[in-house]
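Here is what each chain is made of, one letter per residue.
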Amino acid sequence: MVLVRLIKKQLWQDRSNKTRLILVIVLLCLTVRSLPYLAPISPRDIEQDRRAIEFSDRNGLPLGTILSRDRNHTAVVPLDRVSPHFKNAILAAEDGRFYHHGALEMEAIVRAIFLAIQHKKIVSGASTITMQLARMLEPAPRTLPNKIEEIWRSWRLVAGMSKDEILHAYINRLPMGGNIYGVEAASRVYFGTPAAELNIARSSLLAALPNNPTYFNPYYNWERLKQRQKYVLDRMVEDGYITRTQADLAYAEEITLQPRQQGIIAAPHFLFWLADRLPQDRPPQIRTTIDRSLQQFVETQVKDIVRTLAPQNVSQAAVVVIDNRTGEILAYVGSVDYFARGELGRNDGVQSLRQPGSTLKPFLYQLALEKRIIRPNTVLADVPTYYAIPGAKLYSPTDYSETFAGPVRVRIALANSLNIPAVRVLERVGVDKFLDRLHELGFANLDRAPEYYGLGLSLGSGEVSLWELARAYRILAREGKITPTITTIPQFSESGTQNLSKNSPTWGLITDMLRDRHARALAFGVDSVLNLPFPVAVKTGTSSNYRDTWTVGYTTDYTVATWVGNFDGKPMKQVSGVVGAAPLWQRIMLHLHQDSEPSAFFPPSRMVQRPICALSGLKPTSACPSVVQEYFYREDLKDYENNPDTFYEIVEGKSTQYRLNLPPEYDEWLAMQQRSTFIPSQLQILFPRDGDRFLIDSEGDTTSQLEFKIAGALESPLELWLNGKKLATNSSNSFFWDLRPGQWTLEVKNGRDSDRLTFFVELAPNRATRWGFSSATP
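Keep in mind that this is a model prediction, so the values were computed, not measured.

Caption draft 1: How the structure looks around the overall build of the protein. Secondary structure summary: the protein contains 24 helices and 26 strands in total. Sorting the 778 residues of the protein into buried and exposed places 50% on the buried side. For the protein, restricting intrachain contacts to residue pairs at least 6 apart in sequence, the fraction spanning at least 24 positions comes to 69%. Carbon and sulfur atoms provide 51% of the accessible area of the protein, an area that totals close to 36,800 Å².

The following block contains the structure:
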């Protein structure tokens, strides 16, 4: 208003036509922008969605009724379909003179101010029903500016609506405890009857709730609510709505509450999630793809598994079951109990974002195989590996067993969820390329730059949902074919079919590796909980510090994804994927196939099997002690024939023995083995390696040390020389040195044996980098 007066003044003082035109335009703009805040509010402006949604399962069995599109129960009813007893009760409790004053009641305001001064605190409120409705429409903190805006909105309501229209809007928005809003929703949830049938007792009880819905929650604070009901009944007597005898009878009446399930029989998380995604013009009855009997079985298993694991600090679990052929969601369990207030039951474990542990590794290996970066018979080094991280100590990924397997084929590395081979493969694939593939698979929540995740992306450094994992594994089960996930019959929205890496046999090859129980025997044993009496491919995962455990697997018929953990992020007690989520996954898979076994997986197309040496992955020779079968591209058979195994050589003696001929990257691993045939006979520096570079924060950094590791027969004291100066005389094969910038030549001497190499220490660039490593486990 001040600005408007200034503009008028300027118009009067400045008579030029150009200036007047500009100022008139500005004044008109200000007026137009203010119109929404000046116009009366009509019933149409605040109209609510009137339709509840009734859900059934795929066979027409009821699942439940959602009274609004979001997670709040709201049902809108006309004023003439609300019991007169409730209207009288809410008026007596909240605004006895509602029909006799405007937006404000000055008598109540004066009384509230007088009592506040007298008692030096707020004793009585002065909000009318109209003011309360104004606050419901735009909730805001109770500050003086917001209070002024609330009063102004109240005047706009009175200007645009009748008293009955205001009361109608008010009683349909009343907070009635938890996520229940409006008298119709409250009546149906608490009593199982419509608001039109409320008697005096039930009406007064519901009218007691809005004053403080949490404090008077009928499921937890019954006695408090009864005291508030008595107040409401007394006010109804004072206002002449009922007699004292009616009030006493109503207070004494026994009232039975409905169970807390609030009109939902099964799949509450799914129903609320789906209601949010339905189109505005959807019908009031929705037939979903859920199988109610399966859903209830899964809900029971979730409760049982969590109860069993409770001593290991496990409190929650979640499950998704998908029909692979149709893409239909058959079961969706978001928590142990949606209605358990204390256990964060309303949290949806299917949609929550958490670190996936090793469950993304199959997609990494599939991409690497597809791009021919590795071959099915490629041997990867599971050996101590170090990464220089600016501002931190050297990082060395470890596995669940905290041991190293040495040379392992791709099949063994994936099936046993070995971390170092996965990191090495990701180095060769590229984090950006892997992230692109994950986006194609539907992992939309991995929305940071590749540098944010780093190589740790292969170990679960990003955050994904169980929903995303289930859908991605279904794509794996369907050999890269992407089709829509179906939730309703008929489906409200359709998307086209897409093929990732069309006709690539690598999808089927990954399935073959994940179903191979002998391949995963190193980590899980041959007869683990993952082994079922029919063909099934499966992968487990555990995030750092045992915060999340996952098991995702599929047959030709179904994909089942399970998560076990805690919503508050607290770690479990040594509960890995095979211990936590896998037993739940196993129960569901066995139940799904109890009547008929799934068909076998098709072998990888356009690939053939050939015998290989188990360790080297090459064509076996007479020196190879163990021969297995592996798939090959037909075009690689020539290389297979021309490159026989060279990993083994026979050592003649009283009995046949074998010695490994491995490249230098295995030296440290060999030195860790117990068998003497693996230990180098000559003195050798295992770490650092020649040409290694290390980063430190500053020249004065005294927190970073480098461990020199030496192998060989240490029959006499070992001398360590650095840049020509004697550093130490040591009797062990390990020595720690404070990192300092420069080029360094390390030499070790032991009698006539010696070894030397050069490494570099550099100052780290001054930039923040996230390397994204986590201690992921199988």
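Back to the write-up after that little detour.
Caption draft 2: Inspection of the sheet that holds strand β2 (residues 62-66) at higher detail. The mixed open sheet is built from three strands, whose spatial order is β2-β1-β5. Each having just a single partner strand, β2 and β5 (285-287) make up the two edges of the open sheet. Across this sheet, the average inter-strand angle for adjacent strands is 20°, counted without regard to direction. Pairing analysis gives three bridges linking strand β1 (residues 53-56) to β5, with the strands arranged parallel. Pairing of E54 across the sheet is with Q285, part of β5. Packing against the sheet, helix α12 (residues 268-275) makes contact with β1 and β2, and its axis sits at approximately 50° to β2.

Caption draft 3: Representation of the environment of L369 within the structure. Residue position: L369 is located in helix α14 (residues 361-370). On a C-alpha basis, the gap between L369 and V429 in space is 9.8 Å, while along the polypeptide they are 60 residues apart. Excluding its chain neighbours within four sequence positions, the residues that come into contact with L369 are I374, R375, P376, T506, L509, I510, M513 and Y633.

Caption draft 4: Just unusual backbone geometry, in detail. Of note, the amide linkage connecting I489 to P490 takes the cis form, showing an omega dihedral of -5°. If you trace the backbone, P490 turns up in the loop between β10 (481-482) and β11 (498-499). In this structure, N313 is a non-glycine residue whose phi angle is positive, near 60°. Residue class for N313 comes out partly exposed when judged on its relative accessible area of 31%. The phi dihedral of N545 is positive, around 60°, even though this residue is not glycine. In this structure, N545 sits in the loop between β12 (537-542) and β13 (548-554).

Caption draft 5: View of the packing of aromatic side chains. In total, this model carries 25 aromatic pairs according to the counting rule given. Aromatic side chains W152 and W155 sit 6.1 Å apart centroid to centroid with 85° between the ring planes, which places their arrangement in the edge-to-face category. Of this pair, W152 and W155 both sit in helix α6 (residues 144-160), three residues apart, roughly one helical turn. Take W152: its relative accessible area is 38%, and that puts it in the partly exposed class. Owing to a relative accessible area of 44%, W155 belongs among the partly exposed residues under this scheme. Residues F708 and F735 carry aromatic rings whose centres are separated by 6.5 Å and whose planes lie at 15° to one another, so their mutual orientation is stacked. Highlighted residues: F708 in strand β21 (residues 705-711) and F735 in strand β24 (residues 734-738), separated in sequence by 27 residues. On the basis of relative accessible area, F708 is assigned to the buried category, the value being 0%. Every member of this aromatic cluster is reached through a ring pair, and the members are F363, F443, Y473, Y554 and F601. When the ring centre of Y452 is taken as reference, the NZ or CZ atom of R448 above it lies at 4.2 Å.

Caption draft 6: A look at the side chain of S204. Locating S204 in the fold gives a position in helix α9 (residues 200-207). A relative accessible area of 0% places S204 in the buried class. Separated by 3.1 Å, the side chains of S204 and Q229 make a polar contact. If we skip the residues at most four places from it in the chain, S204 touches A89, Q229, V232, L233 and M236.

Caption draft 7: Representation of the pairing of strand β6 (residues 316-323) within the structure. The buried fraction of β6 amounts to eight of the eight residues, a majority that puts the element mostly inside the structure. Residues Q316, A318, V320 and I322 line one face of β6 and the alternating positions A317, V319, V321 and D323 line the opposite face, and both faces are buried. As paired elements, β6 and strand β14 (residues 558-565) share eight bridges and run antiparallel to each other. Counted as the bridge partner of V321 is V560 from β14. Of the strand pairs in this sheet, β6 and strand β7 (residues 329-333) are connected by four bridges, and their pairing is antiparallel.

Caption draft 8: Highlighting empty space enclosed by the protein. Here the structure, examined in full by the defined rule, presents two cavities of 30 Å³ or more. Residue lining of the second largest cavity: L414, A415, L514, R520, F524, L530, V538, K539 and T540, and that is the complete set. Its residues assigned to classes, the lining of the second largest cavity shows six nonpolar, one polar and two charged.

Caption draft 9: View of the pattern of salt bridges. According to the stated counting rule, one finds 29 salt bridges in the structure shown. Note that D548 and R354 form a salt bridge whose closest N and O atoms lie 2.7 Å from each other. One end of the pair, D548, is in strand β13; the other, R354, is in the loop between β7 and α14, with 194 residues separating them in the sequence. Here the residues in one salt-bridge network are R409, R411, D512, R515, D516 and E630, joined through shared partners.

Parameters at a glance
- Residues numbered from 1 in each chain as written.
- Predicted model: local features only at pLDDT ≥ 70, side-chain atom pairs only at ≥ 80, totals over all residues.
- Heavy atoms only, no water.
- Helix = DSSP H or I, 4+ residues; strand = E, 2+ residues; numbered from the N terminus.
- Buried < 20%, exposed > 50% of the residue type's maximum accessible area, 1.4 Å probe, protein only.
- Contact = heavy atoms within 4.5 Å.
- Areas by Shrake-Rupley, 256 points an atom, 1.4 Å probe, with all protein chains shown as cover.
- Pairing = 2+ DSSP bridges.
- Axes fitted to C-alpha atoms, helices over the stretch in contact; angles between N-to-C directions.
- Phe/Tyr/Trp six-rings, centres within 6.5 Å; stacked < 30°, edge-to-face > 60°.
- Lys NZ or Arg CZ within 6 Å of the ring centre and 35° of its normal.
- Polar contact = N/O pair within 3.5 Å; in protein donor to acceptor, adjacent residues only side chain to side chain.
- 1 Å grid on protein atoms, 1.4 Å probe; cavity = no way out; pocket = protein on both sides within 12 Å on 5 of 7 lines; lining within 4 Å.
- Points joined across faces, edges and corners; volume = space filled by probe spheres on them.
- Nonpolar A, V, L, I, M, F, W, Y, C, P; charged D, E, K, R; others polar.
- Salt bridge = Lys/Arg side-chain N within 4 Å of Asp/Glu carboxyl O.

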